[in-house]
Amino acid sequence: MNSAQVDAYLRRLGAEPPAWPTVDALRELHLRHLRTVPFENLSIHLGEEIVLEEKRLLDKVVGARRGGFCYELNGSFGALLAALGYDVALLAARVYGDEERLGIPYDHLALRVRTVDGGDWLADVGFGAHSHLPLAFGDRGEQKDPGGTFRIVEAGPDAAGVRGGHGTAEAADLDVFRDGRPQYRLEVRPRALGDFVAGAWWHSTSPVSHFTRSLVCSRVTEDGGRITLSGRGLTVTAADGTREERELETDEEVLEVYRERFGIRLGRVPALRNPA
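Small disclaimer: the values here were computed from a predicted structure and weren't measured. (Residues numbered from 1 in each chain as written. Predicted model: local features only at pLDDT ≥ 70, side-chain atom pairs only at ≥ 80, totals over all residues. Heavy atoms only, no water.)

## Considering the overall build of the chain
A tally of helices and strands in the chain yields eight helices and 13 strands. Relative to a compact globule of 276 residues, whose C-alpha radius of gyration would be 19 Å, the chain shows 18 Å and is just as compact. By its C-alpha atoms, the chain is 55 × 45 × 40 Å across when sized along the principal axes. By the burial criterion, 50% of the 276 residues in the chain qualify as buried. Sequence-distant contacts, at least 24 apart, represent 56% of the contacts inside the chain between residues at least 6 apart. Entry remark: accessible area of the chain is about 13300 Å², with carbon and sulfur atoms responsible for 48%. Charged side chains in the chain number 34 positive and 42 negative. The centres of these two groups are separated by 2 Å. (Helix = DSSP H or I, 4+ residues; strand = E, 2+ residues; numbered from the N terminus. Rg over C-alpha atoms; globule rule 2.2 N^0.38 Å. Buried < 20%, exposed > 50% of the residue type's maximum accessible area, 1.4 Å probe, protein only. Contact = heavy atoms within 4.5 Å. Areas by Shrake-Rupley, 256 points an atom, 1.4 Å probe, with all protein chains shown as cover. Lys, Arg positive; Asp, Glu negative; His and termini not counted. Charge placed at Lys NZ, Arg CZ, Asp CG, Glu CD.)

## Remarks on the sheet that holds strand S7 (residues 148-154)
Strand order in the open sheet formed by eight strands is S5-S4-S3-S2-S9-S8-S7-S6, and the pairing between neighbours is antiparallel. Edge positions in the open sheet fall to strand S5 (135-136) and strand S6 (143-145), since each of these has one partner strand only. Taken together, the three bridges between S6 and S7 define a ladder with antiparallel strand orientation. Across the sheet, the residue bridging to Gln 143 is Phe 150, located in S7. The strands touched by helix H5 (residues 70-83) are strand S2 (87-95), strand S3 (108-114) and strand S4 (120-123); relative to S3, the strand with the most contacts, the crossing angle is about 20°. (Pairing = 2+ DSSP bridges. Axes fitted to C-alpha atoms, helices over the stretch in contact; angles between N-to-C directions.)

## Re the packing of aromatic side chains
Counting across every chain of the model gives six aromatic pairs. Plain terms: the ring middles of Phe 39 and Phe 211 are 6.2 Å apart, the flat faces sit at 50° to each other, and that makes the pair tilted. You can see Phe 39 sitting in strand S1 (residues 39-40) and its partner Phe 211 sitting in helix H7 (residues 210-213), a full 172 residues away along the chain. Like Phe 211, Phe 39 is buried. Measuring from ring centre to ring centre gives 5.4 Å for Tyr 106 and Phe 196, while their planes differ by 85°; the resulting arrangement is edge-to-face. Placement of the pair is Tyr 106 in the loop between S2 and S3 and Phe 196 in the loop between strand S9 (181-186) and helix H6 (197-205), with a sequence separation of 90 residues. (Phe/Tyr/Trp six-rings, centres within 6.5 Å; stacked < 30°, edge-to-face > 60°.)

What follows is the structure, given as C-alpha cells:
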C-alpha cells in the first residue's frame, strides 16, 4: 500500500496518521473502522465478484466506500495497519455454528497485531457483532469491552478428537468467547491473504452458507450501539440493549437507508441469491 492509499484509507475512517504504531492508535483505528465501514454481504447478492487481492479490496472499501465481510474488511484493515508500521499476521478461524459445531476451514479471517509499546492484540473488524476494541491476545481472563465480555482460551479437542497446534501451548488453537458463548476457533499460524480464497468462494456460492441466504449490512453507531439492515428489516440497538425495529416498505426506503445510514449508494435493491 503506497502513501496515497494510506492517506485515502485514513480519510475514509476520519482518522489522522498515527505518530507511532501504538496500542492506543490501534484502538482508535479499530473503533473508527467499525463505525465507518459496514459489515455487509451485498456483493454476493448483487452479482459482484469478490477478489482477495489488496488492490481490489482497497478499490472497494476505500474507493467505492463500501463494506464487506471478514475476508475483505480484515484483509484491507490488516494492509492498512502493516503500512502504518504494525506487525500484522492474518489468522484463520472456524466459526461456531448451531449446536456449537465448527464451520469450514478458513471460515473467518482475523488479525494478530503487535504494537511498538508491547503486547499482541486480536483485531477483528469483520465479524459483525464482536468486540469494539482489540483484545489482548495473551490474556486468558475476562476482558470487558463495549461489545460484551470476552475470553480467549486454549481450545480443547475438536469433533474428531484432534487438538490443533501440534500439542504445544505456544501454537495451540484458541477459542474466542463472547458473553460465555464460543464465537470462533483461531489457528495461531500466520496465513497469506490468498489462503482464504476457497473459504470466500464457499461463503459466496454455497446454498448452505448463511451469507448466500441472507442480506445484511451493519455497523457500530457513535453511541456504542449498532444499526443493522437485514433484507428490509431495520434494527437500531442502543448501547443499553434497547431495540427499535421496523420494516421498510419500498425499494426507495431501502436505498435511502443504505445511502444515509451506511454511506452505500446502490442503483438497485439487492435480491437474495439463495432465497429460503
